[in-house]
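Structure assessment
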Amino acid sequence: QVQLVESGGGLVQAGGSLRLSCAASGRIFRINAMGWYRQVPGKQRELVATITSGGRTNYADSVKGRFTASSDSAKNMVYLQMNSLKPEDTAVYYCNANANRAIYYSPADYWGQGTQVTVSS
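What you are looking at is a predicted structure, and each value in this text was computed from that prediction instead of being measured.

On to the sheet that holds strand S8 (residues 77-82), then. Pairing is antiparallel in the open sheet, where 4 strands are placed in the order S1-S3-S8-S7. Because the sheet does not close on itself, it has two edges, and the strands there are strand S1 (2-7) and strand S7 (67-72). Taken pair by pair, the neighbouring strands of this sheet meet at an average axis angle of 15°, ignoring direction. The pairing of S7 with S8 spans 6 bridges and is antiparallel. Of the residues in S8, the one forming a bridge with alanine 69 is leucine 80.

Turning to the environment of serine 71, a few remarks are in order. By secondary structure assignment, the location of serine 71 is in strand S7. For serine 71, a relative accessible area of 38% gives the class partly exposed. Separated by 20 residues in the primary sequence, serine 71 and isoleucine 51 have C-alpha atoms spaced 7.4 Å apart. Among residues more than four places away in sequence, those in contact with serine 71 are Ile51, Met77, Val78 and Tyr79.

Further remarks concern unusual backbone geometry. The backbone of asparagine 76 sits at a positive phi, close to 55°, despite the residue not being glycine. Among the structural elements, asparagine 76 can be located in the loop between S7 and S8. Despite not being glycine, serine 84 shows a phi value in the positive range, around 50°. With respect to the helices and strands, the residue serine 84 is situated in the loop between S8 and strand S9 (91-100).

Each disulfide consists of a covalent bond between the sulfur atoms of two cysteine residues. Enumeration over the complete set of coordinates arrives at 1 disulfide. Disulfide partner of cysteine 22: cysteine 95, at an S-S distance of 2.0 Å. Of note, the bridge from cysteine 22 to cysteine 95 carries an S-S torsion of about -85° and is left-handed in sense. One end of the pair, cysteine 22, is in strand S3 (residues 18-26); the other, cysteine 95, is in strand S9, and 73 residues separate them in sequence. Across the pair, exposure class does not vary: cysteine 22 and cysteine 95 are buried alike.

Each value, and the rule that gives it
- Residues numbered from 1 in each chain as written.
- Predicted model: local features only at pLDDT ≥ 70, side-chain atom pairs only at ≥ 80, totals over all residues.
- Heavy atoms only, no water.
- Pairing = 2+ DSSP bridges.
- Helix = DSSP H or I, 4+ residues; strand = E, 2+ residues; numbered from the N terminus.
- Axes fitted to C-alpha atoms, helices over the stretch in contact; angles between N-to-C directions.
- Buried < 20%, exposed > 50% of the residue type's maximum accessible area, 1.4 Å probe, protein only.
- Contact = heavy atoms within 4.5 Å.
- Disulfide = S-S within 2.5 Å.

Put into structure tokens, the structure is as follows:
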């Protein structure tokens, strides 16, 4: 299996910054993309940012210019630098990886347990 462990969440005032980290481990042949999603109670999980193995990024409109996703492929890690945080960024943030467990396995999505980010006004 593939395990994802997030870290770096917490409580921050509006306008502040946080950096999330996610480490992937386990049986991994190839990671195709990693990213971050978030969810608040009563709402669907939504995309925040993704980054492909080639370094191409994609961001939700609501975070463009404030959040930056980066990765370290040698360490199977993905990061999310969050600046100018707003109360509406409050959510549980989940790490996602699309990976092949072995050369003959189809790619699959894997999820971390989530880390809480709370932005106070």
